[in-house]
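Listed below, chain by chain, are the residues.
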Amino acid sequence: MTDRYARFAASRAGRAVVPRLGLPDPPPLRRHSPGQPPLEGPVLLGGGPLVAPVAALLRVDGYEVGTGERYGAVVFDASGLADSGELRALYEFVHPATRALAPCGRLVVLGAPPESCPQPRRATAQRALEGFVRSAGKELRRGATAQLVYVAPGAEGALGSTLRFLLSARSAYVSGQVVRVGPAPVGPPPGDRVALVTGAARGIGAAIAAVLARDGAHVVCLDVPAAGADLAAVANRAGGSTLQLDITGAAAPDALAAHLADRHGGVDVVVHNAGIIRDRTLARMSAAEWDTVLDVNLSAQERINDVLLGEKVLREGGRLVAVSSIAGIAGNVGQANYATSKAGVIGLVHALAPTLPAGTTVNAVAPGFIETRLTASIPLLIREAGRRMNSLSQGGLPVDVAETVAWLAAPGSGGVTGNVVRVCGQSLLGA
Ligand SMILES: NC(=O)c1ccc[n+]([C@@H]2O[C@H](COP(=O)([O-])OP(=O)(O)OC[C@H]3O[C@@H](n4cnc5c(N)ncnc54)[C@H](O)[C@@H]3O)[C@@H](O)[C@H]2O)c1
């Protein structure tokens, strides 16, 4: 859908008026396109013990690491900071560099997970990094983003896919996030992968199917039979296949497992994207509106996971990615049913992660305001508020969610599990 205000702000007239009136000024975001340089300038890298492994990793990926007048990214390893006084080093490194950050530049701070620090002072300093990064994300201008990555002891080697994503244009609409990376067991080599995407006929699901296919997976695109024509078009574009199924049906988990096992010998990536809304304030909400939202958005997912995991249809090194929502974090008027289901999805991720076999991961993405048919139906004023109330002053695109899912689903992301990553431009809601 068109963001008319963003177009106005970028026009000649808009550029004259918007700054003078202090109105939101949505910057054009740099998004991934094949063949573009990874960053628009070198990476300024500094700090503690992770500098050497990170520099090696960045150079292998073709990043230029060094000093310059303008930086594509600033990466500071704060994992060695042992008490609050030492946080000054973070200020001293990042303070002068922020002004030299290119448009859509990246600030990434690396830390040690506070829960892994036996010394209270070190844990305190490490926890303090969250406040720094979230503030920086709100201050940076021109589409730049800021993230914190907690790297668990021994996880240096598992950092690559996360760093690559956060530094790249693929994370255009992700900011102010805290990601935890743990050690990744050596999994099976990434061969031909099979991915299942539910709710793939349109919107975010269609974008996820396209991006996973771009990354080399055969995508099984699932949606309700009524969406068959759109589903076929999505699957054709992705070079994948279709499965018409209502995920809430009593026989759906077994039918799905049989399809994946018989036709593909199993599945490597499962993206639980199908979701619905039935908005009404709690006082007016019918039991049917409650039941149907909880069933599609949460219970069906639980039943499908049980079968795919129980029957080992999800192969070794598998990836489960659930689509939650910032409504599940912040709550929302008229969405008690939806927010309950999406908060439940977050609970599911946290509860399931420690129970999975080593190398199998489960994570969630929590989109904010994404330009889809769903958000196009929101009344104008609420829609405008949703678009502007974030650090990037605009809505995200389905591809922004899809790129985030693709990072979590990647073979190299075995150290990323139990995370909930917001794709919301650092929305003020629930922040
Ligand atoms: N659009 C946003 O701004 C936004 C924000 C936060 C979260 N989300 C979440 O992202 C996901 C996708 O949202 P979207 O905006 O693309 O929605 P959408 O309505 O455009 O697409 C959802 C798809 O799910 C399918 N579906 C619904 N019930 C199903 C069932 N029982 N079985 C199989 N398929 C079913 C629908 O047919 C549809 O194709 C949802 O989980 C939604 O809650 C969206």
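Preceding this section is the structure that the text describes.
This text gives an overview of the structure that appears in the document.

Basis of the calculations
- Residues numbered from 1 in each chain as written.
- Predicted model: local features only at pLDDT ≥ 70, side-chain atom pairs only at ≥ 80, totals over all residues.
- Heavy atoms only, no water.
- Near = heavy atom within 4 Å.
- Polar contact = N/O pair within 3.5 Å; in protein donor to acceptor, adjacent residues only side chain to side chain.
- Areas by Shrake-Rupley, 256 points an atom, 1.4 Å probe, with all protein chains shown as cover.
- Nonpolar A, V, L, I, M, F, W, Y, C, P; charged D, E, K, R; others polar.
- Patch = residues over 30% accessible without salt bridge, like charges linked within 9 Å, V, L, I, M, F, W, Y side chains within 5 Å.
- Salt bridge = Lys/Arg side-chain N within 4 Å of Asp/Glu carboxyl O.
- Helix = DSSP H or I, 4+ residues; strand = E, 2+ residues; numbered from the N terminus.
- Phe/Tyr/Trp six-rings, centres within 6.5 Å; stacked < 30°, edge-to-face > 60°.
- Buried < 20%, exposed > 50% of the residue type's maximum accessible area, 1.4 Å probe, protein only.
- Pairing = 2+ DSSP bridges.
- Axes fitted to C-alpha atoms, helices over the stretch in contact; angles between N-to-C directions.
- Contact = heavy atoms within 4.5 Å.
- Parallel < 35°, antiparallel > 145°, perpendicular 65-115°, else oblique.
- Left-handed = near helix turned anticlockwise from the far one by under 90°.
- Core = buried A, V, L, I, M, F, W, Y, C linked by side-chain atoms within 4.5 Å.

Bringing the site of the ligand into the picture now. Taken together, 27 residues are adjacent to the ligand, and Arg202, Ile204, Asp223, Asn273 and Tyr338 come closest. A distance of 2.8 Å is found between an oxygen atom of the ligand and a backbone nitrogen or oxygen belonging to Ile204. In the model, an oxygen atom of the ligand is placed 2.5 Å from a nitrogen or oxygen of the Tyr338 side chain. Within the complex, 94% of the 840 Å² of free accessible area of the ligand lies under protein. A breakdown of the residues in the shell around the ligand according to their chemical character gives 14 nonpolar, nine polar and four charged.

Bringing a nonpolar patch on the surface into the picture now. Side chains of Phe8, Val17, Leu21 and Leu23 sit close together on the surface and give an oily, nonpolar patch of about 330 Å² of accessible area. Position of Leu21 relative to the elements: it lies in helix α2 (residues 12-21).

Enumeration over the complete set of coordinates arrives at two aromatic pairs. When the centroid spacing of 5.1 Å and the interplanar angle of 40 degrees are considered together, the rings of Phe76 and Phe93 count as tilted. On the criterion of sequence distance, the pair formed by Phe76 in strand β2 (residues 71-77) and Phe93 in helix α4 (residues 88-98) is long-range, its members being 17 residues apart. Residues Phe165 and Trp407 carry aromatic rings whose centres are separated by 4.7 Å and whose planes lie at 10 degrees to one another, so their mutual orientation is stacked. Of this pair, Phe165 sits in helix α6 (residues 160-167) while Trp407 sits in helix α15 (residues 398-409), and the two are 242 residues apart along the sequence. Considered together, Phe165 and Trp407 belong to a single accessibility category, that of buried residues.

Attention now moves to the sheet that holds strand β8 (residues 241-244). The strand order β8-β7-β6-β9-β10-β11-β12 describes an open sheet built from seven strands, whose pairing is parallel. Taken across any chain shown, the strands that pair with only one partner, and hence form the sheet edges, are β8 and β12 (420-423). In this sheet, neighbouring strand axes are inclined to one another by 20 degrees on average, regardless of whether the strands run parallel or antiparallel. Pairing of strand β6 (residues 194-198) with strand β9 (residues 267-272), which is carried by three bridges, proceeds in the parallel orientation. When the sheet's bridge partners are listed, Leu196 is paired in β9 with Val270. On the sheet, helix α8 (residues 228-238) packs against β7 (218-223) and β8 and is oriented at approximately 155 degrees with respect to β8.

Here the focus is the packing of helix α7 (residues 203-214) against α15. When two helices pack together, their arrangement is captured by the angle between the axes and the distance separating the axes. Relative orientation of the contacting elements α7 and α15 amounts to 45 degrees, with a least axis distance of 8 Å. Taken together, the axes of α7 and α15 lie oblique to each other. Viewed along their axes, α7 and α15 form a crossing whose handedness is right-handed. Along its contact with α7, which presents Gly203, Ile204, Ala207, Ile208, Val211, Leu212 and Arg214, the element α15 presents Pro398, Val399, Val401, Ala402, Glu403, Val405, Ala406 and Ala409. Per-class residue counts for the contact of α7 with α15 are 12 nonpolar, one polar and two charged.

In terms of nonpolar packing, the biggest core is built from 67 residues, with Leu110, Leu163, Ile208, Leu212 and Val271 touching the most fellow members. Not counting the four nearest positions on each side in its chain, Ile208 is found in contact with Val197, Val271, Asn273, Val323, Ala402 and Val405. Val220, Leu222, Ala257 and Ala274 belong to the second-largest nonpolar core, a separate cluster that totals 40 residues.

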